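Residue strings, one per chain:
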There are 2 protein chains.
Amino acid sequence: MNAQIISIGNEILIGQIQNTNTVWLAQQLSLMGITVSKMLAISDDILNIKSTLQSISTTTNLVIVTGGLGPTKDDVTKHAICEFLNCKFNRNEVVLKNIKKIYKQKNKTLSSLNETQADIPSKCSVIQNTLGTAPGLFFNKNKTLFFFFPGVPHEMKLMFETGAKKEIKNRFSIPNILYKTLLLHGISESDLSIKIQDWELSLKTDKLSLAYLPSFGQLRLRISGTDQNKQALKKRINNYYKKLIPYVDDYLIDASDNIVEDLNIEKVVQQLLIKNKLKLALVESCTGGYMSHRITSISGASQFYIGSIIPYSNNLKQQILNVPFADVIEVKGVVSSECVTIMVQHANQILNSDICVAISGIAGPKGGTNEKPVGTVWVAVGNKQYTTSQKFNFTSNRTQNITLATNNAFNMLRKFIIKYY
Amino acid sequence: MNAQIISIGNEILIGQIQNTNTVWLAQQLSLMGITVSKMLAISDDILNIKSTLQSISTTTNLVIVTGGLGPTKDDVTKHAICEFLNCKFNRNEVVLKNIKKIYKQKNKTLSSLNETQADIPSKCSVIQNTLGTAPGLFFNKNKTLFFFFPGVPHEMKLMFETGAKKEIKNRFSIPNILYKTLLLHGISESDLSIKIQDWELSLKTDKLSLAYLPSFGQLRLRISGTDQNKQALKKRINNYYKKLIPYVDDYLIDASDNIVEDLNIEKVVQQLLIKNKLKLALVESCTGGYMSHRITSISGASQFYIGSIIPYSNNLKQQILNVPFADVIEVKGVVSSECVTIMVQHANQILNSDICVAISGIAGPKGGTNEKPVGTVWVAVGNKQYTTSQKFNFTSNRTQNITLATNNAFNMLRKFIIKYY
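Residues numbered from 1 in each chain as written. Chains lettered and ligands numbered in written order. Predicted model: local features only at pLDDT ≥ 70, side-chain atom pairs only at ≥ 80, totals over all residues. Heavy atoms only, no water.

For the rest of this paragraph, the subject is the overall build of chain A. Across its full length, chain A carries 16 helices and 17 strands. Per-residue burial over chain A gives 57% buried out of 421 residues. Counting only contacts in chain A whose residues sit at least 6 apart along the sequence, the fraction spanning at least 24 positions is 68%. Accessible surface, chain A as shown: approximately 18,000 Å² in total, 47% of it carbon and sulfur. Between the averaged position of the 47 positive side-chain charges in chain A and that of its 31 negative side-chain charges there is a distance of 5 Å. (Helix = DSSP H or I, 4+ residues; strand = E, 2+ residues; numbered from the N terminus. Buried < 20%, exposed > 50% of the residue type's maximum accessible area, 1.4 Å probe, protein only. Contact = heavy atoms within 4.5 Å. Areas by Shrake-Rupley, 256 points an atom, 1.4 Å probe, with all protein chains shown as cover. Lys, Arg positive; Asp, Glu negative; His and termini not counted. Charge placed at Lys NZ, Arg CZ, Asp CG, Glu CD.)

Let us now look at the nonpolar core. The biggest cluster of nonpolar side chains holds 70 residues, and the ones touching the most others in it are Val357 of chain A together with Val357 of chain B. Sequence-distant contacts of Val357 of chain A, that is, excluding residues within four places in its chain, are made with Leu280, Ala281, Leu282, Val283, Met291, Val344, Val379, Ala380, Val381, Ala409 and Leu413 of chain A. Among the nonpolar cores identified, the runner-up in size contains 58 residues, and Ile6 and Val65 of chain A together with Leu69 and Phe139 of chain B belong to it. (Core = buried A, V, L, I, M, F, W, Y, C linked by side-chain atoms within 4.5 Å.)

Moving on: the sheet that holds strand E12 (residues 252-256) of chain B. Neighbouring strands of a sheet are bound in pairs by backbone hydrogen bonds; such pairs are parallel or else antiparallel. All names here are of chain B. Spatially, the four strands line up as an open sheet ordered E10-E11-E9-E12, and their pairing is antiparallel. The open sheet terminates on both sides in strands that have one partner only, identified here as strand E10 (209-215) and E12. Each strand axis lies, on average, 15° off the axis of its neighbour in the sheet, ignoring direction. Where E10 lies against strand E11 (residues 218-227), seven bridges are found, and the strand directions are antiparallel. Paired with Leu213 across the bridge in E11 is Arg220. Contacting strand E9 (176-185), E11 and E12, helix H10 (residues 230-248) runs over the sheet at an angle of about 15° to E9. (Pairing = 2+ DSSP bridges. Axes fitted to C-alpha atoms, helices over the stretch in contact; angles between N-to-C directions.)

Each partner contributes to the interface: chain A provides 71 residues, whereas chain B provides 74 residues. Summed over both sides, the interface of chain A with chain B buries roughly 5,400 Å², with 56% coming from carbon and sulfur. Linking chain A with chain B are zero salt bridges, by the criterion used here. Taken together, the connections running from chain A to chain B amount to 24 residue pairs in polar contact (both at pLDDT 80 or more). Of all the elements, strand E2 (residues 35-42) of chain A adds the most residues to the side of chain A that touches chain B, at seven residues. Among the residues making up the side of chain A that touches chain B, the classes are represented as 32 nonpolar, 30 polar and nine charged. The pairing of E2 of chain A with strand E2 (residues 35-42) of chain B spans five bridges and is antiparallel. Paired with Lys38 of chain A across the strands is Ile42 of chain B, a residue of E2 of chain B. (Buried area = accessible area lost by both parts, 1.4 Å probe. Salt bridge = Lys/Arg side-chain N within 4 Å of Asp/Glu carboxyl O. Polar contact = N/O pair within 3.5 Å; in protein donor to acceptor, adjacent residues only side chain to side chain. Nonpolar A, V, L, I, M, F, W, Y, C, P; charged D, E, K, R; others polar.)

What follows is about the pattern of salt bridges. Counted according to the given criterion, the structure contains 20 salt bridges over all chains. As a salt-bridge pair, Lys165 of chain A and Glu161 of chain A come within 3.2 Å of each other at their nearest N and O atoms. With Lys165 of chain A and Glu161 of chain A both in helix H7 (residues 153-171) and four residues apart, this pair spans about one turn of that helix. Assessed through its relative accessible area of 19%, Lys165 of chain A is described here as buried. For Glu161 of chain A, a relative accessible area of 36% corresponds to the partly exposed category. Its salt-bridge partner being Asp227 of chain B, residue Arg236 of chain B comes within 3.0 Å of it at the nearest N-O pair.

Given below as structure tokens:
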């Protein structure tokens with residue numbers, strides 16, 4: 001079972017956007033046990049799209065196309081489909097109703113141009129788009145199943161989940177593929193690969209695969225395999241997983257039977273906070289709200305998160321969090337164990353939180369000194385009894401230092417809760 | 001002058017990595033005036049690579065291939081080149097010397113496997129890799145110029161800059177390509193395309209291109225064209241740009257002559273704040289720190305940004321920002337004009353800021369009511385004299401509602417500064 005992913009859009013070919021749709025689709029298809037044999041990006045040009053569709057080999061089972069389904073003149077995918085299938089447009093009343101509904105919700109006037117989004121190539125079936133005005137389309141030709149989605153990521157993703165997945169599973173017999181993904185923190189790819197080399201060898205001899213996915217202080221490790229017997233495969237993978245645990249126990253944050261999705265440290269922290277009925281507050285200086293943003297990206301954050309202070313200026317550190325000027329700011333500096341410790345302790349009093357994380361550092365590219373170069377970050381975690389602090393020395397750029405500081409702060413918070421509750 | 005970019009690597013096809021090489025190469029080629037007609041990702045398989053190389057049309061001028069040049073068994077690109085060119089490997093002493101030098105620098109022992117990286121297909125020329133052990137390769141076949149680089153981004157980039165660019169410019173006469181990109185806020189792709197349809201038609205008649213790139217309430221509009229005469233082309237594009245202004249004036253945030261340079265609203269706001277010597281504070285409830293994160297992602301934010309309060313819980317809104325419980329929170333609710341207005345006014349006093357933005361709303365998926373459904377967001381902007389507030393009704397998911405609220409808050413801030421300063 002093999003598939004091709006085709007992206008249509010001049011903005012991709014000039015390097016204006018990073019093509020995240022393709023990566024997501026490749027992950028989804030891999031997860032389903034489908035081999036992606038080719039990815040292709042082509043321009044918004046009718047002849048080009050048509051000839052690309054025509055050139056797809058009859059041995060390709062599945063083709064997923066994104067982009068070029070908007071209402072404007074530069075979006076021509078639908079016209080290319082009509083030429084490829086040799087059919088005409090029919091206005092689809094269900095699609096039109098959805099478009100009208102969306103325009104009504106947004107209090108906008110529907111133009112005749114918008115209405116043309118309900119014109120569907122007559123040989124295509126429709127996947128309704130509840131999030132936008134361009135529906136998904138699919139059809140069979142020469143034993144190949146074709147899907148077309150608009151390039152807007154969240155619309156494409158929802159239609160793939162709700163409309164395409166079932167259709168693909170019904171149509172093809174796909175071998176079982178199973179995954180086990182581990183989220184680790186604090187060990188590098190190369191250090192780990194030396195540590196587990198014997199285990200990795202035996203895993204591969206047993207026809208299972210291993211992938212290392214490093215990202216900002218974290219490392220995702222994915223075991224995968226295919227087998228006709230799903231239960232036997234699951235047992236085999238779990239066996240290797242259990243043998244791996246002793247090597248990675250110190251670094252293991254979470255594990256999942258899924259491919260990459262859903263494994264993140266903020267969700268682990270969320271569960272720990274809810275389980276222990278703890279109210280969290282954050283004090284972010286150099287990370288400037290990124291940790292708060294990550295925590296509040298989780299639905300239901302109000303159950304455990306009460307809020308943050310971002311005392312970016314030194315004045316605010318004094319004014320809102322009563323960091324002593326003479327003893328701390330002037331003598332120790334704002335990037336110090338003393339400063340983050342006091343901010344944690346005061347925040348827990350002022351905001352009435354049970355537990356607090358404070359971060360202060362130099363994200364860069366400017367602001368470093370010989371003693372405290374760019375990348376120096378102090379993090380403290382504490383409740384009303386204990387506070388612990390740690391210094392980090394990152395060596396990346398501004399954005400990466402902010403992400404590294406945040407990931408490490410989450411891990412300190414996780415360890416603190418496990419230790420004291 | 002057209003080019004294809006080919007990426008080789010199984011890790012790309014399973015969605016394990018975001019293919020940043022392709023984006024970078026596409027940007028470089030576009031800036032050189034070369035049209036990228038196709039991007040392709042294929043697996044590490046000799047037959048597959050060979051047949052892909054064979055299938056490239058003789059009308060393609062340039063092919064750039066990355067990946068699969070490492071020393072391990074799964075890297076087979078060089079073998080595919082030998083089969084494609086019908087030639088053998090020769091050991092290249094200059095390359096071998098470089099490999100030995102790099103191993104010595106890293107204090108590592110050179111294996112015979114590593115030495116094979118100096119084996120070069122005899123019909124290829126070499127681009128030395130000063131950063132790694134796999135050299136770049138190039139050759140001409142059937143009027144097409146082929147380049148091969150290892151997939152390691154910084155090695156590929158350096159070899160492209162130092163070895164490939166000059167070779168390409170010497171070989172082809174490349175037309176000038178110029179761009180003008182506009183960042184708009186508050187008008188949809190389809191509404192704009194109706195508004196400017198006559199202008200767009202005349203633009204295209206004059207052989208210039210237009211692309212619409214929508215994203216969360218914002219719209220990037222890109223005019224581009226190619227011409228032998230660079231000055232004439234620049235004048236032509238600027239002429240159309242000037243004619244466009246009256247149509248988009250209300251929505252125009254920024255414009256740039258570059259293709260990829262991040263046109264973003266936070267940079268525009270940054271310039272306005274610095275120019276007017278204003279100190280900004282933020283109060284974020286439903287956006288949970290995302291606006292603060294965006295502002296502090298810009299280097300030098302401390303020049304104009306003093307900090308934020310994220311009063312996620314209603315308690316904190318009372319405690320830190322003195323929002324009256326009886327008159328406001330109980331009667332009007334925290335998602336109200338009254339609440340965001342008071343938060344702005346109090347924050348300007350408490351934090352001693354010149355200007356403040358406050359956001360309160362229901363990001364979803366839960367927490368909505370009939371009167372205030374998910375997506376209802378109030379934003380206020382004010383200084384010590386004036387405060388203005390606005391209600392938004394977004395209809396997307398949690399992450400998107402947060403992004404939409406933030407983009408709109410930035411735009412309200414921008415308009416406020418333009419109006420009052």
